[in-house]
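# Observations on chain architecture
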Amino acid sequence: MLALVSATGMGSWVAAQGPTAGRVPTFTKVILDGAFRAEGVALADVDRDGRIDVLAGNAWYAAPVVAAVTDAAAWKRHEIAPLEPLDAPTGYSNAFHNFSLDVNRDGWPDQVVIGYPGEAATWRVNPGPRGGAWRTLPASSVAGNESPALARLVRGRGPVLVMGTEGEQLSWLTPATSPAAPFDVHPISTPKHPAAHRYAHGLGVGDLDGDGRADVVSTHGYWLAPEEPGDAPWPFTAAKLGPDSAHMAIYDVSGDGMPDIVASSAHQMGVWWFEQQRTGNARTFVKHAIDDSFSQSHALDVGDIDGDGVPDIVTGKRRWAHGPSGDPQPNAPGVLYWFQPRRTPTGVTWTKHLIDDTSGVGNQVVVGDVDGDGRLDVASANKHGVFVFLQR
C-alpha cells in the first residue's frame, strides 16, 4: 500500500508501505523551531516542489531535499503571518488546529486555522508561484469542540470541516462558491448539542456501522450518516463514550469486523478504546484501558506505523494545557508515544513505544509520510516547539 499524508488525522487511518511487520521502528527527531508557534500542525506540499512541508500557526517550514531532511538547519522557515512572541506558561497561540485544504481550488494548498475554542475559524490563501503575503479570509464565525476534524465525511466530496458552529450545532462545512465568503454550513446535530459547545471535548469521523458511509462520534453518542446528507440533522443515538477526550478514531481494533473507537484524555489521565459489540440491533460499547501513565493527551492520530496492516495510535502529553499548575502532572516530561496493538485469542494487547520525551503533542499531532520513504512519520507543534519525527 502507498503511504498517505494525513490531511486530518481522523478522516481515515494512514497506511504504511508494507510488508514490514515484526520490526520495531525508531525515529529521528528534527527540531524545526525551538519557539512556541502553535498547538496545531498540518502537512502539505505548500510550494509544490514535490516535498512535504510543515505548517504551524503563522509559519510554514519548507522541506529540504531528502539527503538533508534530518538536518534542522536545512528546513527553511517562512512567515504566513507576522511571528509574535507567545508566553507558554500563561498564553495560547492563534492556532489550536491547522488543516491544509485547497479552499479556492487553484491547485495550491491553503491553510485553515482554528484558534481559541469558540472563536472564529479562518483560512489563509496560499499566494502560490507569485509569492507575497497570505491573505486571511473567514471560514466560520464560530468553531466549537476542541477536537475539530477535516475529513472525508460525505461521499463524492473532498475533505470537509467537522466542528461546532453557531447555536452550538455540530456541522460539516465546505468552501463557499465565492472564496471571500464564509464556508457553507450543513447540520449534523440539533442546536444546543453538548458536543458542539466551544469547550466540548471529543470528536471523531469514521464508518462506525460498516455501511461504507462515514459517521460522526462524540463522547455523548454518535450520528449515523444518512444516504444523502443534506440540510437536516442526522439521526443521533446517545451512548456513553466518555469521559472527556481528544480526537476519537474509528476503526476495527479487535479484528472482529466491527469498527471500534479509540480515544485519549484531553486533561486527565489515560488512553482507551471502546469495543463495539452487537446483540441483534442493539449496539453497545465496552471500554478497555490502553495506558494510564501520563496526562493531558490532548491530541491523537492513527496510522500503521510498523506496517503490519493494523493501525497503531500516536499520542502524547500536551504541555501546560491549563498552565504550570493546572491538570494532573502539568510539569511532567513531554512524552510522545506510539501504541502497537496485538490481536490475540483472548483479546487485544497494547505495547507502548516511546518516540520522544521532550516534546509531546499540542492540540494536534499528525501521522504522515514526510520524507517520502514509505514509512510513516509524526509531526507535532506545541509549547516546546515545532517537530518532525522521521521513521528510520
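The model shown is predicted, which means the values in this text are computed figures rather than measured ones. (Residues numbered from 1 in each chain as written. Predicted model: local features only at pLDDT ≥ 70, side-chain atom pairs only at ≥ 80, totals over all residues. Heavy atoms only, no water.)

### Here we look at the nonpolar core
Quick reminder of the rule: Throughout, nonpolar core names a set of buried Ala, Val, Leu, Ile, Met, Phe, Trp, Tyr and Cys residues whose side chains join them through atoms within 4.5 Å. Here's how the labels work: a residue is buried when its accessible area is under 20% of the maximum for its type, exposed when over 50%, partly exposed in between, all with a 1.4 Å probe on protein chains only. Numbering of helices and strands runs from the N terminus, with a helix taken as a DSSP run of H or I at least four residues long and a strand as a DSSP run of E at least two residues long. Pairs of residues are marked as contacts when any of their non-hydrogen atoms sit within 4.5 Å.
Of all hydrophobic cores here, the largest spans 22 residues; its most connected members are Leu32, Leu43, Val54, Tyr61, Trp75, Val386 and Val388. Of all the secondary structure elements, the ones that give two or more residues to this core are strand S1 (27-33), strand S3 (53-56), strand S4 (59-62), strand S27 (377-382) and strand S28 (385-391). Element by element, the count of residues in this core is highest for S28, at three residues. Residues in contact with valine 388, not counting those within four places in the same chain, are Thr28, Lys29, Val30, Leu32, Val54, Trp75, Val378 and Ala379. Core analysis: the second largest hydrophobic core is formed by 18 residues, Leu153, Val154, Leu203 and Ala225 among them.

### Re the sheet that holds strand S18 (residues 249-251)
Neighbouring strands of a sheet are bound in pairs by backbone hydrogen bonds; such pairs are parallel or else antiparallel. Heads up, the condition is: Only strands joined by at least two bridges in the DSSP assignment are considered to pair. A fitted line through C-alpha atoms serves as each axis, taken over the contacting stretch for helices, and the angle formed by two N-to-C directions is quoted from 0 to 180°.
Judged by pairing direction, the sheet is antiparallel, and its four strands sit side by side in the order S18-S19-S20-S21 without closing on themselves. Looking at the sheet topology across the chains shown, the edges are occupied by S18 and strand S21 (282-295). On average, each strand axis in the sheet is inclined to that of its neighbour by 20°, with strand direction left out of account. Judged from the 10 bridges that link them, strand S20 (residues 269-279) and S21 form a sheet pairing that is antiparallel.

### Concerning the packing of aromatic side chains
The geometry of two aromatic rings is summed up by the distance between their centres and the angle between their planes. To keep things clear, this is the line we draw: Side-chain rings of Phe, Tyr and Trp, where Trp is taken by its six-membered ring, are said to pair if the distance between their centres is within 6.5 Å; with planes under 30 degrees apart they count as stacked, over 60 as edge-to-face, and otherwise as tilted. A positively charged side chain is recorded as over a ring if its NZ (Lys) or CZ (Arg) lies within 6 Å of the ring centre. The angle to the ring normal must also be within 35 degrees.
Under the defined criterion, the tally for this structure stands at nine aromatic pairs. For the pair tyrosine 92 and phenylalanine 96, a centre-to-centre distance of 5.6 Å together with 45° between the ring planes defines the contact as tilted. Here tyrosine 92 falls in the partly exposed class, since its relative accessible area comes to 31%. Taking 5.7 Å as the distance between ring centres and 75° as the angle between the ring planes, the aromatic pair formed by phenylalanine 96 and tyrosine 116 counts as edge-to-face. Pair noted here: phenylalanine 96 is in the loop between strand S5 (76-79) and strand S6 (97-101) and tyrosine 116 is in the loop between strand S7 (110-114) and strand S8 (121-125), with a separation of 20 residues, a long-range link. Using a relative accessible area of 28% as the deciding quantity, one classes tyrosine 116 as partly exposed. Sitting over the face of the ring of tryptophan 108, arginine 48 holds its NZ or CZ atom 4.6 Å from the ring centroid. Directly above the ring of tyrosine 337 sits lysine 352, whose terminal nitrogen or CZ lies 4.7 Å from the centroid.

### Quick notes on the sheet that holds strand S2 (residues 42-44)
Strand order in the open sheet formed by four strands is S2-S3-S4-S5, and the pairing between neighbours is antiparallel. Whereas interior strands pair on both sides, the edge strands pair on one side only; in this sheet they are S2 and S5. Direction aside, neighbouring strands of the sheet carry axes that sit 25° apart on average. Across four bridges, the pairing between S4 and S5 is antiparallel. The residue of S5 that forms the bridge with tryptophan 60 is histidine 78.

### Examining the pattern of salt bridges
This is how the line gets drawn: A pairing counts as a salt bridge when a side-chain nitrogen of Lys or Arg comes within 4 Å of a carboxyl oxygen of Asp or Glu.
Under the defined criterion, the tally for this structure stands at 13 salt bridges. The residue aspartate 211 makes a salt bridge to arginine 213 at a minimum N-O spacing of 3.1 Å. Its relative accessible area of 31% is what places aspartate 211 among the partly exposed residues. With a shortest N-O distance of 3.1 Å, lysine 352 and aspartate 291 are connected by a salt bridge. Of this pair, lysine 352 sits in strand S25 (residues 347-356) while aspartate 291 sits in strand S21, and the two are 61 residues apart along the sequence. The class of lysine 352 is partly exposed, set by a relative accessible area of 34%. On the accessibility criterion, aspartate 291 (13% relative accessible area) is buried. The network of salt bridges with common partners includes Arg155, Asp211, Arg213 and Glu227.

### What to know about the pairing of strand S24 (residues 336-344)
Inspection of the sheet shows strand S23 (residues 312-316) paired to S24 by four bridges, in the antiparallel sense. Of the residues in S24, the one forming a bridge with valine 314 is tryptophan 338. Here nine bridges tie S24 to S25, and the two strands are oriented antiparallel to one another. The partner of threonine 344 across the bridge, within S25, is glycine 347. Hairpin geometry of S24 and S25 is characterised by an intervening segment of two residues between the two adjacent antiparallel strands.

### Let's talk about the environment of phenylalanine 36
Tracing the backbone shows phenylalanine 36 in the loop between S1 and S2. Given the relative accessible area of 6%, phenylalanine 36 is considered buried. Residues contacting phenylalanine 36, with those up to four places away along its chain left out, are Leu86, Asp87, Ala88, Gly91, Tyr92, Ser93, Asn382 and Lys383.

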